[in-house]
Amino acid sequence: RRRGTHKPGSIGIPIPETTVKIVNDTGLEVPRNTIGEVIVQGDGVMKGYYKNDAATEQVIQDGWLCTGDLGRMDEDGFVFLTGRKKRLIITNGYNVYPKEVEMILELHPDVAQAKVISKPNLMRGEIVSAMVVRHPGAASTEKEIMKHCRTYLSSYKLPRELTFVKNLPD
C-alpha cells in the first residue's frame, strides 16, 4: 500500500499509528469486503468524552472507538463507508441497511431520490418503508419499482411500503 494512492469512493487507508477494523455486532472482525461497524484504535483517537463517563462507555470498548459508521475494507486496506449503524432496520431478525435499499431504488431510471425508514410492525418487529421522488414526467408505478427492487435485493430487504412523494423529508 502506497501513501497517496486513491480508490474512488474510499476514505483511504488508516493513517500511521492507527488501526481500523470492521466488526460484526458481536465485535468479531469480519472478512475483507464485508460490511460491518468501523472501529478505530490509536494514539490520535479520542479516549473519551470530557467529564462524561456514561457517554464514553457507549463508544469506547476494550480500547476501541466504536464509530457507529458502517463500512467495509477491501483487500488493499482501503476503507469504504456505507452508512450509519443507527439507521439499521431489523426485520424478522435480518439486518437491512437503508442506504443499500435507497441506492437500489435510485438506480431505477424514473427515481430521482429515495429515503428508506423503518416502521414498527407487530409481526416482524420493523418493516422497510420507502419514500420515492420520481423524475419530472416519470410515470413508473409502485409495481414497476418493486419489480426493479426484486431484481437486486433479497426478499427481506424489499420495501413493504412504497410511497411516492414530491419531496423527501429532512
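Residues numbered from 1 in each chain as written. Predicted model: local features only at pLDDT ≥ 70, side-chain atom pairs only at ≥ 80, totals over all residues. Heavy atoms only, no water.

Draft legend 1. Region of the structure containing the overall build of the protein chain. Looking only at helices and strands, one finds three helices and 10 strands in the protein chain. Of all 170 residues assigned to the protein chain, the portion counted as buried reaches 36%. Look at the contacts in the protein chain between residues 6 or more apart in sequence, and 55% of them connect residues 24 or more apart. Of the roughly 10,900 Å² that the protein chain leaves accessible, carbon and sulfur atoms contribute 51%. One finds the centroid of the 24 positive side-chain charges in the protein chain at a distance of 4 Å from the centroid of its 21 negative side-chain charges. (Helix = DSSP H or I, 4+ residues; strand = E, 2+ residues; numbered from the N terminus. Buried < 20%, exposed > 50% of the residue type's maximum accessible area, 1.4 Å probe, protein only. Contact = heavy atoms within 4.5 Å. Areas by Shrake-Rupley, 256 points an atom, 1.4 Å probe, with all protein chains shown as cover. Lys, Arg positive; Asp, Glu negative; His and termini not counted. Charge placed at Lys NZ, Arg CZ, Asp CG, Glu CD.)

Draft legend 2. Local environment of helix α3 (residues 142–152). Among the residues of α3, Ile145, Met146, His148 and Cys149 are the ones counted as buried. Along α3, the residues classed as buried sweep out an arc of 155 degrees about the axis, all on the same side. Pointing more than 90 degrees away from the buried face of α3 are the exposed residues Lys143, Lys147 and Thr151. Where α3 is buried, its residues contact α2 (98–107), β8 (111–121) and β10 (161–164). (Arc of directions from axis to C-beta.)

Draft legend 3. Expanded view of unusual backbone geometry. Located in the positive-phi region is glutamate 17, a residue other than glycine, with phi close to 70 degrees. Here glutamate 17 shows up in the segment before β1 (18–23). In this structure, asparagine 33 is a non-glycine residue whose phi angle is positive, near 65 degrees. Position of asparagine 33 relative to the elements: it lies in the loop between β1 and β2 (36–42).

Draft legend 4. Highlighting the layout of surface pockets. Of the pockets and cavities examined, the largest pocket occupies roughly 410 Å³. Along its surface, the largest pocket is lined by 18 residues, and Glu37, Gln58, Gln61, Cys66 and Lys85 are the ones closest to its centre. Sorting the residues of the lining of the largest pocket by element identifies β2, α1 (53–59) and β4 (64–73) as the ones contributing at least two each. The element best represented in the lining of the largest pocket is β4, accounting for four residues. In terms of residue class, the lining of the largest pocket is built from five nonpolar, seven polar and six charged. (1 Å grid on protein atoms, 1.4 Å probe; cavity = no way out; pocket = protein on both sides within 12 Å on 5 of 7 lines; lining within 4 Å. Points joined across faces, edges and corners; volume = space filled by probe spheres on them. Nonpolar A, V, L, I, M, F, W, Y, C, P; charged D, E, K, R; others polar.)

Draft legend 5. Structural detail: the side chain of glutamate 37. Position of glutamate 37 relative to the elements: it lies in strand β2. According to the relative accessible area criterion, glutamate 37 is buried, its value standing at 9%. At 2.8 Å, the side chain of glutamate 37 forms a polar contact with the backbone nitrogen of glycine 68. Residues within four places of glutamate 37 in sequence aside, it is in contact with Lys21, Ile22, Val23, Cys66, Thr67, Gly68, Asp69, Leu70 and Lys85. (Polar contact = N/O pair within 3.5 Å; in protein donor to acceptor, adjacent residues only side chain to side chain.)

Draft legend 6. View of the pairing of strand β9 (residues 125–134). Among the 10 residues that make up β9, seven are buried, leaving the element largely enclosed by the rest of the structure. Pairing geometry for β8 and β9, over 10 bridges, is antiparallel. Bridge assignment links isoleucine 117 to a residue of β9, and that residue is serine 129. Considered for its hand, the β-α-β crossover made up of β9, α3 and β10 is right-handed. (Pairing = 2+ DSSP bridges. Right-handed = clockwise from strand over helix to strand, strands pointing away.)

Draft legend 7. Structural context of α2. Buried within α2 are the following residues: Pro98, Val101, Glu102, Ile104 and Leu105. Buried residues in α2, looked at end-on, bunch into an arc of 165 degrees, giving them a common side. The inward-facing, buried residues of α2 contact β6 (89–91), β7 (94–96), β8, β9, α3 and β10.

Draft legend 8. Representation of the pattern of salt bridges in the model. Scanning all chains against the criterion turns up four salt bridges. Notably, a salt bridge pairs lysine 7 with aspartate 74, separated by 2.6 Å at the nearest N-O pair. Pair noted here: lysine 7 is in the segment before β1 and aspartate 74 is in the loop between β4 and β5 (79–84), with a separation of 67 residues, a long-range link. When its relative accessible area of 24% is taken as the criterion, lysine 7 is described as partly exposed. The shortest N-O distance in the salt bridge between lysine 7 and aspartate 76 comes to 2.6 Å. (Salt bridge = Lys/Arg side-chain N within 4 Å of Asp/Glu carboxyl O.)

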